[in-house]
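Here is what each chain is made of, one letter per residue.
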Amino acid sequence: MPRHSAYRAGLAYAAGAYLSWGLMSLYFRVTSFMSPPEVLDHRIIWSLVLTALGTGILVPRQEVIQLFRNRRKLVGLLVSSLFLASNWLIFIWAVAGGQALEAGLGYFICPLLSVALGVLVFKERMSRVQFAGLVIVAIGVALTTLAFGRLPWIALSLAGTFAIYGLCRKMLKLPAMLGLFAETLMLLPLALAHMIWLERTGQGHFLDGIWQDQILIVGLGVITTIPLLFFAGAANRLDLTSLGLMQYLNPTVQVSLAVLAYGEPFTVTHGLTFAAIWVGLAVFSLAPWLFRRQNAERAAEPVISLDN
């Protein structure tokens, strides 16, 4: 595929992934007839079914065997799966409880928390301009405390669990599909046991539910797996800067839905909070790109010789 065509395809895949994640709260509102833990159960179970199919088709068999023989990676996947499940549960609960705005804030904070972990764990370097961007975002988080009248624990919990999850996955270095398959497989016993208990006590919604609800429940696996495939396609075609900038589509859509569709209040303090966060993100994300562009322009300038 030509370079420009691959880049355009990468942008389309990235848009598909991040828009899907941004719109996911709509699905959780439709499935709000179930409790958040039951939604989590079915998301794990049906995601496992689809990722098992995807792994069987897309991942070489030997790679799967090597993973399940590697105890260190299995322990790492157990840790990452717990953080992933915590993140999913908090997000489902937040949307069902009318806290989608704060959930969206969490996914604005998450990338910068990931960078902070990269600096602390991997000793990655950060420019002064990028550090200034982080400070501006920190001011936005402080304003959030004023806006909500309390510490935004939902936002910070979502950002923290997903940033640590990303750190775990970076250290494990596994393909997205194979990694999610292994994680959901590890979470299966708890999810299956809880779902069986709900069904046996008459609190479940799958076995005795109407067929429309059953389709929605199975769809929880689809909305988890499809964005993952889109993201994998984008990651293979885009540079990290482009991919990083595209990721803010997700929380932008989440916040827009919370205010425009769900009717959650958006005050002046909220506006100042998100303005500070967006400015900080812009400073942080665009600084490396501008720096590389300036260096490229300087390198392209003709050298004027004083020799005759």
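What counts, and at which threshold
- Residues numbered from 1 in each chain as written.
- Predicted model: local features only at pLDDT ≥ 70, side-chain atom pairs only at ≥ 80, totals over all residues.
- Heavy atoms only, no water.
- Helix = DSSP H or I, 4+ residues; strand = E, 2+ residues; numbered from the N terminus.
- Buried < 20%, exposed > 50% of the residue type's maximum accessible area, 1.4 Å probe, protein only.
- Contact = heavy atoms within 4.5 Å.
- Areas by Shrake-Rupley, 256 points an atom, 1.4 Å probe, with all protein chains shown as cover.
- Phe/Tyr/Trp six-rings, centres within 6.5 Å; stacked < 30°, edge-to-face > 60°.
- Lys NZ or Arg CZ within 6 Å of the ring centre and 35° of its normal.
- Expected span 1.5 Å × (residues − 1).
- pLDDT = per-residue confidence, 0-100.
- Core = buried A, V, L, I, M, F, W, Y, C linked by side-chain atoms within 4.5 Å.
- Salt bridge = Lys/Arg side-chain N within 4 Å of Asp/Glu carboxyl O.
- Axes fitted to C-alpha atoms, helices over the stretch in contact; angles between N-to-C directions.
- Parallel < 35°, antiparallel > 145°, perpendicular 65-115°, else oblique.
- Left-handed = near helix turned anticlockwise from the far one by under 90°.

(A) Structural context of the overall build of the protein. A count of helical and extended segments in the protein gives twelve helices and zero strands. In the protein, the succession of helices and strands from N to C terminus is α-α-α-α-α-α-α-α-α-α-α-α. By the burial criterion, 44% of the 308 residues in the protein qualify as buried. In the protein, once contacts between residues fewer than 6 apart in sequence are set aside, the share between residues at least 24 apart is 86%. Carbon and sulfur atoms form 67% of the exposed surface of the protein, whose accessible area is close to 16500 Å².

(B) The environment of L84, seen in detail. Relative to the elements of secondary structure, L84 occurs in helix α4 (residues 71–96). Here L84 falls in the buried class, since its relative accessible area comes to 4%. As a C-alpha pair, L84 and Y165 span 81 residues in sequence and 6.2 Å in three-dimensional space. Aside from chain neighbours lying at most four places away, what touches L84 is Y165, L180 and E183.

(C) Main features of the packing of aromatic side chains. Per the stated rule, a full pass over the model turns up eleven aromatic pairs. Note on W46 and F206: the rings are 5.7 Å apart at their centroids and 50 degrees apart in plane angle, and the pair reads as tilted. Of this pair, W46 sits in helix α2 (residues 36–58) while F206 sits in the loop between α8 (176–200) and α9 (211–235), and the two are 160 residues apart along the sequence. A relative accessible area of 17% places F206 in the buried class. Connected via pairs of aromatic rings, a cluster forms that spans F28, F91, Y107, F162 and Y165. Stacked on the ring of Y262, the Lys or Arg R29 has its end atom at 4.0 Å from the ring centre.

(D) Quick peek at helix α7 (residues 153–172). Helix length check: α7, at 20 residues, gives a terminal C-alpha distance of 28 Å against a target of 28 Å (1.5 Å per residue), a fit within 8%. Remark: K173 follows α7 within two positions and exhibits a positive phi of approximately 55 degrees.

(E) Geometry of the confidence of the model for the protein. Taken over all residues, the pLDDT of the protein has a mean of 84, while the share at 70 or more is 87%. Within the model, the stretch residues 303–308 combines pLDDT values under 50 with zero contacts to residues more than four positions away or in other chains.

(F) Local environment of the nonpolar core. Ranked by size, the top nonpolar core spans 30 residues in total, and within it F28, F91, L158 and L220 carry the most contacts. Every element with two or more residues in this core is listed here: α1 (3–30), α2, α4, α5 (100–122), α7, α8 and α9. In terms of residue count, α4 provides more of this core than any other element does, eight residues in total. One finds A100, A155, L167 and I277 within the second-largest nonpolar core, a separate group that totals 25 residues.

(G) View of the pattern of salt bridges. Inspection of every chain in the model, using the stated rule, returns one salt bridge. The shortest N-O distance in the salt bridge between E183 and R169 comes to 3.4 Å. Linking E183 in helix α8 with R169 in helix α7, this pair joins segments that are 14 residues apart in sequence.

(H) View of unusual backbone geometry. Notably, K173 is not glycine yet its phi reads approximately 55 degrees, a positive angle. Along the chain, K173 falls in the loop between α7 and α8. Looking at K173, the relative accessible area reads 71%, which means it is exposed.

(I) Seen up close, the packing of α5 against α7. Packing of α5 against α7 brings their axes to within 7 Å, and their N-to-C directions diverge by 40 degrees. In terms of orientation, α5 and α7 fall into the oblique class. Crossing of α5 against α7: the hand is right-handed.

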